[in-house]
Amino acid sequence: LTLSEAVEQIKVSLEFRSRTKANTRTHLLRWQRFIGDVGDLQLVVVEPDHVRKHLEKRAQEVSATEAYKTYIALSAFFSKYLKVIGVSLPNIMNQIQKPPRGEMKSKIPYRFSEILAIEAVAIDEASPEDRVLFQVQKLAGYRGDEVTNLRFKDFGKGVISLSPKDELYIDFSAGDTKERRK
């Protein structure tokens, strides 16, 4: 069984499909990058040196954090998912030291006055439609992708409407909640 054949079997396994899309996508990307780097080797031929060299390359080309994340993805592949598809091999990841994580850069939060200034510029430059979306996002706490998924028919029918004073308010009817739909 080669690395790519194992990946194909893992992709259809229930254990792998039960993971989040983001998790499966990043694991697959890192596994495929590993295969691209070392070649589509037979599983029994893969050695710790293959993994070490790949991790060193990722640390040099991208970052220490990426090498760490790649280590995590390859650990899942060799220690967990191979067992899921019925492959019983010694776990080569036990012989590899986990790379250190990259330094976390501290983030300085915006001051309230800075947020108000950013908001004022955004509103001044926005189209009327974008102003409505911005207000929905601000008042309802929606994320950007949630706001952009709103449809015109969501406005003015009890879901999201404008008062006579053109102030935005949002009415979440008790009869239209996820809990009620169940």
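Everything here concerns the structure above.
Conventions used here
Residues numbered from 1 in each chain as written. Predicted model: local features only at pLDDT ≥ 70, side-chain atom pairs only at ≥ 80, totals over all residues. Heavy atoms only, no water. Patch = residues over 30% accessible without salt bridge, like charges linked within 9 Å, V, L, I, M, F, W, Y side chains within 5 Å. Areas by Shrake-Rupley, 256 points an atom, 1.4 Å probe, with all protein chains shown as cover. Salt bridge = Lys/Arg side-chain N within 4 Å of Asp/Glu carboxyl O. Helix = DSSP H or I, 4+ residues; strand = E, 2+ residues; numbered from the N terminus. Buried < 20%, exposed > 50% of the residue type's maximum accessible area, 1.4 Å probe, protein only. Expected span 1.5 Å × (residues − 1). Contact = heavy atoms within 4.5 Å. Axes fitted to C-alpha atoms, helices over the stretch in contact; angles between N-to-C directions. Parallel < 35°, antiparallel > 145°, perpendicular 65-115°, else oblique. Left-handed = near helix turned anticlockwise from the far one by under 90°. Nonpolar A, V, L, I, M, F, W, Y, C, P; charged D, E, K, R; others polar. Core = buried A, V, L, I, M, F, W, Y, C linked by side-chain atoms within 4.5 Å. Phe/Tyr/Trp six-rings, centres within 6.5 Å; stacked < 30°, edge-to-face > 60°.

Caption draft 1: Quick peek at a nonpolar patch on the surface. Among the surface-exposed residues, Val44, Val45 and Leu89 lie close enough to one another that they form a single nonpolar patch of about 250 Å² accessible area. Locating Leu89 in the fold gives a position in the loop between α5 (64-84) and α6 (112-125). Under the relative-accessibility criterion, Leu89 is labelled partly exposed at 33%.

Caption draft 2: Structural context of helix α3 (residues 21-38). End to end, α3 covers 26 Å across 18 residues, agreeing with the expected 26 Å (1.5 Å per residue, within 8%). Within the span of α3, buried status applies to Thr24, His27, Leu28, Arg30, Trp31, Phe34 and Ile35. Phi turns positive one or two residues past the end of α3, at Gly39, with a value near 100 degrees.

Caption draft 3: View of the environment of Ile92. Counting through the fold element by element, Ile92 comes out in the loop between α5 and α6. Sequence separation of Ile92 and Ser75 is 17 residues, and the distance between their C-alpha atoms is 8.7 Å. For Ile92, the contacting residues outside a window of four places in its chain are Val46, Glu47, Pro48, Val51 and Phe78.

Caption draft 4: A look at the packing of helix α4 (residues 48-61) against α5. As a packed pair, α4 and α5 sit with axes 7 Å apart at the nearest point and diverge in direction by 150 degrees. Taken as axis vectors, α4 and α5 run roughly antiparallel relative to one another. Judged by the sense of rotation from one axis to the other, the crossing of α4 with α5 is right-handed. Across from Val51, His54, Leu55, Arg58 and Ala59 in α4, the residues of α5 making contact are Ala64, Glu66, Ala67, Thr70, Tyr71, Leu74 and Phe78. When the residues that make up the contact of α4 with α5 are grouped by side-chain class, the tally is 8 nonpolar, 2 polar and 2 charged.

Caption draft 5: How the structure looks around the nonpolar core. If you look at the biggest cluster of nonpolar residues, it comprises 26 residues, and the most contacted ones within it are Trp31, Val51, Phe77, Phe78 and Leu82. Among the secondary structure elements, those contributing two or more residues to this core are α1 (3-11), α3, α4 and α5. Top element by residues in this core is α5. It accounts for 8 residues. The residues contacting Val51, other than those within four sequence positions of it, are Phe34, Leu74, Phe78, Ile92, Met93 and Ile96.

Caption draft 6: Broad picture of the packing of aromatic side chains. Within this structure, the stated rule accounts for 6 aromatic pairs. Residues Phe16 and Trp31 carry aromatic rings whose centres are separated by 5.5 Å and whose planes lie at 35 degrees to one another, so their mutual orientation is tilted. Linking Phe16 in helix α2 (residues 14-17) with Trp31 in helix α3, this pair joins segments that are 15 residues apart in sequence. Since its relative accessible area comes to 1%, Trp31 is described here as buried. Residues Phe77 and Phe78 carry aromatic rings whose centres are separated by 4.9 Å and whose planes lie at 90 degrees to one another, so their mutual orientation is edge-to-face. Each of the two residues, Phe77 as well as Phe78, counts as buried.

Caption draft 7: Structural detail: the side chain of Glu119. Among the secondary structure elements, Glu119 is positioned in helix α6. Look at Glu119 and you get buried, because its relative accessible area is 18%. When neighbours within four sequence positions are excluded, Glu119 is seen to be in contact with Phe134 and Lys138.

Caption draft 8: Structural view of the side chain of Thr2. As for its placement among the helices and strands, Thr2 is situated in the segment before α1. Among residues more than four places away in sequence, those in contact with Thr2 are Asp40, Leu41, Gln42 and Leu43.

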